[in-house]
Amino acid sequence: NDTMDLVLRLHSPEIGLEHDALNASHVLDFKGKPFLIDFGGAEPHECLTWEKAGQLTRETLPAKEGEVLGPLSSVLCYELWIFLESARYCLPSMSKFTDMNAV
């Protein structure tokens, strides 16, 4: 989808920006296209997920749409991991349920 492409591009070496509050509630629809808001805390970012993959696309993303989201270590980028979870791109992380049972 266009939203995921926009988020991946934001983390690309060309733009290299961490939004700092990236979640589904900060993605608006503008004439059928995603529009990101709230860049107040944005700062330069070298995305480790991009570095590992060489080029980050939905095909090279370590979390696939509709699959269980692995632990943060599988994605490498905290902001991207949180976005995948908040946008419900992936199923909830199993580590979340494990952590809940440990309490």
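Before going into details, it helps to say that this report is about the structure given with it. Starting afresh in each chain, residues are numbered from 1 along the sequence in its written order. The predicted nature of this model means local features are confined to residues of pLDDT at least 70 and side-chain atom pairs, given and counted, to a pLDDT of 80 or more, with totals for whole chains, interfaces and linings taken over all residues. Just so you know, side-chain values use all the structure's heavy atoms and leave hydrogens and water out.

## Re the packing of aromatic side chains
Our working definition: Only rings of Phe, Tyr and Trp enter the pairing, Trp through its six-membered ring, and a pair is recorded when the two centres are within 6.5 Å. The plane angle decides the type: under 30 degrees is stacked, over 60 is edge-to-face, the rest tilted. Think of it in three bands: residues with accessible area under 20% of the maximum for their type are buried, residues over 50% are exposed, and the middle band is partly exposed, with areas taken using a 1.4 Å probe on protein chains only.
Inspection of the entire model under this criterion finds 1 aromatic pair. Between phenylalanine 30 and phenylalanine 35, the aromatic rings sit 6.0 Å apart at their centres with planes inclined by 45°, giving tilted as the arrangement. Judged by its relative accessible area of 44%, phenylalanine 35 falls in the partly exposed class.

## Looking at a nonpolar patch on the surface
Here is the rule we go by: Note on patches: the residues involved have over 30% relative accessible area and no salt bridge, like charges join within 9 Å, and the nonpolar side chains Val, Leu, Ile, Met, Phe, Trp and Tyr join within 5 Å. With residues, only the protein chains shown are counted as cover, and all accessible areas are computed by Shrake-Rupley using a 1.4 Å probe. Salt bridges are identified by distance alone: a Lys or Arg side-chain nitrogen within 4 Å of an Asp or Glu carboxyl oxygen. Only DSSP runs of H or I with at least four residues qualify as helices, and only runs of E with at least two residues qualify as strands; both kinds are numbered from the N terminus onward.
Nonpolar side chains collect at one region of the surface, where Leu28, Phe30 and Phe35 lie side by side and expose about 300 Å² of accessible area between them. Tracing the backbone shows leucine 28 in strand β2 (residues 27-30).

## Quick word on the environment of aspartate 2
Selection criterion: Should any heavy atoms of two residues lie within 4.5 Å, those residues are counted as being in contact.
Within the fold, aspartate 2 resides in helix α1 (residues 2-10). Residue classification places aspartate 2 among the partly exposed positions, given a relative accessible area of 38%. In the structure, aspartate 2 is positioned 33 residues away from phenylalanine 35 in sequence and 9.8 Å away in space, judged by C-alpha atoms. Discounting chain neighbours no more than four positions away, the residues touching aspartate 2 are Lys33 and Pro34.

## Structural notes on the side chain of histidine 19
Counted only if it meets this: Polar contact is the term for a pair of N or O atoms within 3.5 Å; when the atoms are in protein, one must be able to donate a hydrogen and the other to accept it, and sequence-neighboring residues count only if both atoms are side-chain atoms.
Here histidine 19 shows up in the loop between β1 (17-18) and β2. In terms of polar contacts, histidine 19 uses its side chain to reach the backbone amide nitrogen of alanine 21, at 3.1 Å. Setting aside its immediate chain neighbours within four residues, histidine 19 contacts Leu10, His26, Ile37, Asp38, Phe39, Gly41, Ala42 and Glu79.

## Considering the pairing of β2
Which entries qualify depends on this criterion: DSSP calls a pair of strands paired once it identifies at least 2 bridges connecting them.
Pairing analysis gives 4 bridges linking β2 to strand β3 (residues 33-36), with the strands arranged antiparallel. Across the sheet, leucine 28 pairs through a bridge with phenylalanine 35, a residue of β3. Linking β2 back to β3 in an antiparallel pair, the connection comprises 2 residues, with lysine 31 at a positive phi of about 55°.

## Notes on the state of the cysteines
The criterion, for reference: When the sulfur atoms of two cysteines come within 2.5 Å, that pair is taken as a disulfide.
Going through the model one piece at a time under the given rule, you end up with 0 disulfides. This cysteine, cysteine 47, is not joined by any disulfide, and cysteine 77 carries the nearest cysteine sulfur, 3.8 Å off. Take cysteine 77: its relative accessible area is 3%, and that puts it in the buried class.

## Notes on the environment of threonine 60
Along the chain, threonine 60 falls in the loop between α2 (48-53) and α3 (72-75). Note on threonine 60: relative accessible area 38%, which makes it partly exposed. Considered as a pair, threonine 60 and tryptophan 50 are 10 residues apart in the sequence and their alpha carbons are 9.3 Å apart. For threonine 60, the contacting residues outside a window of four places in its chain are Ala53 and Gln55. Among the polar contacts made by the side chain of threonine 60, one reaches the main-chain amide nitrogen of threonine 57 at a distance of 2.9 Å.

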